[in-house]
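Architecture and fold: a report
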Amino acid sequence: MTVLEALSAEVLDPSRLAALDAYGILDIAPEKGFDDVVLLARNICEAPVALISLVAENRQWFKARVDFRACETDLNASVCAHVLAQLDLLVIPDLSADLRTKANPLVTGGPRIRFYAGAPLRTQDGKVLGSLCVIDVEPRPAGLTHRQAESLRALAGQVMAQMELRRVLADQRRMLDQGDELIRAQAAMSVARGTSALCSTPW
């Protein structure tokens, strides 16, 4: 059974996908604020890889990444999809020994990842859009320390705060653009009325 089949209710939930789409964040250029978050996550958790992963309908796309070559994978290679069903951190000490992930192509083949810890990226109304995660190529039987887990949660909150800010600013830009269009339309109508009145003035 694939990840998509096992988690279809969570992955394909229309309200979750609509929430993700509303942020307008998929397939955009890197942004320093998000890049800084994954750098901090990697350093705090002492892991070689950190990602901001957003789980879309048929792929996971990485808004920011450190030391991971691909910018997206299909869902059958996604560990982050399992976070959608989590209330808190998902920590898998050995991906090759866990039933959910031992057949994952990133586990069985290159880069042969072994450890995963992901904090849900949760909207204010409870929709999980993806995760802020750290990955290691060695198992970690002890998982994360309390301080590392606490920090990963806090950084995931910062990712969502930045996404909310992006959405608010985008909404404001749209409103300004609509206001400019209305002003131009009103000005054009005024000119047209003035021209019409001038043409109808008797001499």
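Residues numbered from 1 in each chain as written. Predicted model: local features only at pLDDT ≥ 70, side-chain atom pairs only at ≥ 80, totals over all residues. Heavy atoms only, no water.

1. Thoughts on the sheet that holds strand S6 (residues 128–136)
- Reading across the sheet, the 6 strands line up as S3-S2-S1-S6-S5-S4 and stay open at both edges, with antiparallel pairing between neighbours. Of all the strands in the sheet, just strand S3 (72–73) and strand S4 (90–92) have a single pairing partner and so form its edges.
- One ladder, built from 6 bridges, connects strand S1 (residues 49–55) with S6; its direction is antiparallel. Bridged to Leu54 within S6 is Gly130. (Pairing = 2+ DSSP bridges. Helix = DSSP H or I, 4+ residues; strand = E, 2+ residues; numbered from the N terminus.)

2. Section: the nonpolar core
- Counting 33 residues, the largest nonpolar core has Ile52, Leu132, Val134, Leu152 and Met163 as the members making the most contacts within it.
- When residues of this core are traced back to their parent elements, those giving at least two are helix H3 (14–22), helix H4 (32–45), S1, strand S2 (60–66), strand S5 (115–122), S6 and helix H6 (146–199).
- At 7 residues, the largest contribution of residues to this core is made by H6.
- The residues contacting Ile52, other than those within four sequence positions of it, are Phe34, Val37, Val38, Trp61, Phe62, Lys63, Ala64, Leu121, Ser131, Leu132 and Val159. (Core = buried A, V, L, I, M, F, W, Y, C linked by side-chain atoms within 4.5 Å. Buried < 20%, exposed > 50% of the residue type's maximum accessible area, 1.4 Å probe, protein only. Contact = heavy atoms within 4.5 Å.)

3. Notes on the environment of Leu106
- Mapped onto the secondary structure, Leu106 falls in helix H5 (residues 105–108).
- Residue class for Leu106 comes out buried when judged on its relative accessible area of 15%.
- Between the alpha carbons of Leu106 and Asn76 there is a distance of 9.4 Å; along the sequence they are 30 residues apart.
- Discounting residues that sit within four places of it in the chain, Leu106 has contacts with Phe68, Ala77, Pro111, Arg112 and Ile113.

4. Brief notes about unusual backbone geometry
- For the peptide bond that leads from Gly110 to Pro111, omega is 5°, which places it in the cis range.
- Position of Pro111 relative to the elements: it lies in the loop between H5 and S5.
- One non-glycine residue with positive phi stands out, namely Asp27, at about 65°.
- Along the chain, Asp27 turns up in the loop between H3 and H4.
- Even without being a glycine, Asp67 presents a positive backbone phi close to 60°.
- Judged by its relative accessible area of 58%, Asp67 is exposed.

5. Details of the environment of Ser8
- One can find Ser8 in helix H2 (residues 8–11).
- A sequence separation of 73 residues divides Ser8 from Ala81, and the C-alpha atoms of the two residues are 9.7 Å apart.

All quantities given are derived from atomic positions and should not be read as evidence of function.
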